[in-house]
Amino acid sequence: ISNNIYRYNINGTNQTPESVVTTASFPTGLEHKDGILYFSIAILDTIYSFDLNTPNATVDVVLENEANMDSPLNIEFYDNQLYAANWFSDNILKINIDNSPINSEIVLNQDGVYDVELDQGELYYCNLTTIYRVNLSSLSVNDVTLKTIQLYPNPANNELQVSNLNTKKVFEIHTTSVSYTHLR
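## Quick word on the sheet that holds strand β11 (residues 115–119)
The strand order across the open sheet formed by three strands is β11-β12-β13, and the pairing between neighbours is antiparallel. Every other strand in the sheet has two partners, leaving β11 and β13 (131–135) as the edge strands with one partner each. Across the sheet, the mean angle separating the axes of adjacent strands is 20° when strand polarity is ignored. Here strand β12 (residues 122–126) pairs with β13 via five bridges, running antiparallel. If you follow leucine 123 over to β13, its bridge partner there is valine 134.

## Quick notes on the confidence of the model for the chain
Per-residue pLDDT for the chain averages 82, and the proportion of residues at 70 or more is 80%. Across residues 140–146, where pLDDT falls below 50, the model places one contact with residues more than four positions away in sequence or in other chains. In the model, residues 178–184 has pLDDT below 50 throughout and makes 23 contacts with residues more than four positions away in sequence or in other chains.

## Here's the deal with the side chain of asparagine 127
Residue placement: asparagine 127 occurs in the loop between β12 and β13. A polar contact is formed between the side chain of asparagine 127 and the backbone nitrogen of threonine 129, at a distance of 2.9 Å. A distance of 2.8 Å separates the side chain of asparagine 127 from the backbone nitrogen of threonine 130, its partner in a polar contact. If we ignore the near neighbours within four places in the chain, the residues touching asparagine 127 are Asp111, Gly112, Tyr114 and Tyr132.

## Focus: the nonpolar core
Tyr83, Ile92, Val116, Leu118, Leu123 and Tyr125 are the most contacted members of the largest nonpolar core, which totals 13 residues. Among the secondary structure elements, those contributing two or more residues to this core are β8 (81–86), β10 (103–109), β11 and β12. Ignoring anything within four residues of it in the chain, the contact list for leucine 123 reads Tyr83, Ile92, Leu108, Val116, Glu117, Leu118, Tyr132, Arg133, Val134 and Leu136. In this structure, Ile47, Val62, Met69 and Leu82 belong to the second largest nonpolar core, which totals 12 residues.

So, how was this worked out
The residue numbers shown here count from 1 along each chain, following its written sequence. Reporting of local features is limited, given that this is a predicted model, to residues whose pLDDT is at least 70; pairs of side-chain atoms are given and counted only at 80 or more, and all residues count toward the totals for whole chains, interfaces and linings. Computation of side-chain values covers all heavy atoms of the structure but excludes hydrogens and water. A strand pair is defined by DSSP finding two or more bridges across the two strands. Counting from the N terminus, the helices are the DSSP runs of H or I reaching at least four residues and the strands are the DSSP runs of E reaching at least two. Each axis is a line fitted through C-alpha atoms, and for a helix only the stretch in contact is used; angles between axes span 0 to 180 degrees, taken between their N-to-C directions. Confidence per residue, as judged by the predictor, is encoded in pLDDT with a range of 0 to 100. Residue contacts follow a heavy-atom distance rule, with two residues in contact if any of their heavy atoms lie within 4.5 Å. We call two N or O atoms a polar contact when they sit within 3.5 Å, provided that within protein one can donate a hydrogen and the other can accept it, with sequence-adjacent residues counted only if both atoms are side-chain atoms. The definition of a nonpolar core used throughout is a set of buried Ala, Val, Leu, Ile, Met, Phe, Trp, Tyr and Cys residues joined through side-chain atoms within 4.5 Å. Per-residue accessibility, obtained with a 1.4 Å probe over protein chains only, is compared with the maximum for each type, and a residue is labelled buried under 20%, exposed over 50%, and partly exposed between these values.

Structure follows, in structure tokens:
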């Protein structure tokens, strides 16, 4: 494990890796946009940037110690937003790097998010065993219309009544001891 990020020209005749930047700890995610290299260091809960076109450029902090960011393993740009897969905080953050101060919001909560990729409005993420796909438009809070449903009695013993559903739906109800699936 190295604290260096290297550049390697795969098309050139010089096949020697060139150290671009030395980091505080080993980097876990790399992303490139408009001549800027962004990288995450999971152990420091920080995302950094480095201008590849500026001689003797310094490393800048993009986001650190964010309340919802714990161990950003991998990062990805999509529509000028930086997305970070956060292993220990079990989420994917969308980070608006164009604003000052930089702000972020959780777009998805999921156990053990390890990596994130985005393509044509689809968000792909994985944990250690499964790859998932989510349409980004379905994650928009502005598009959600909430209906009030009623669950009773509470607490329930053997049967739970659900009212105010307009169509048949499949849903799951999880308790601390058992999971039930019911068609309504």
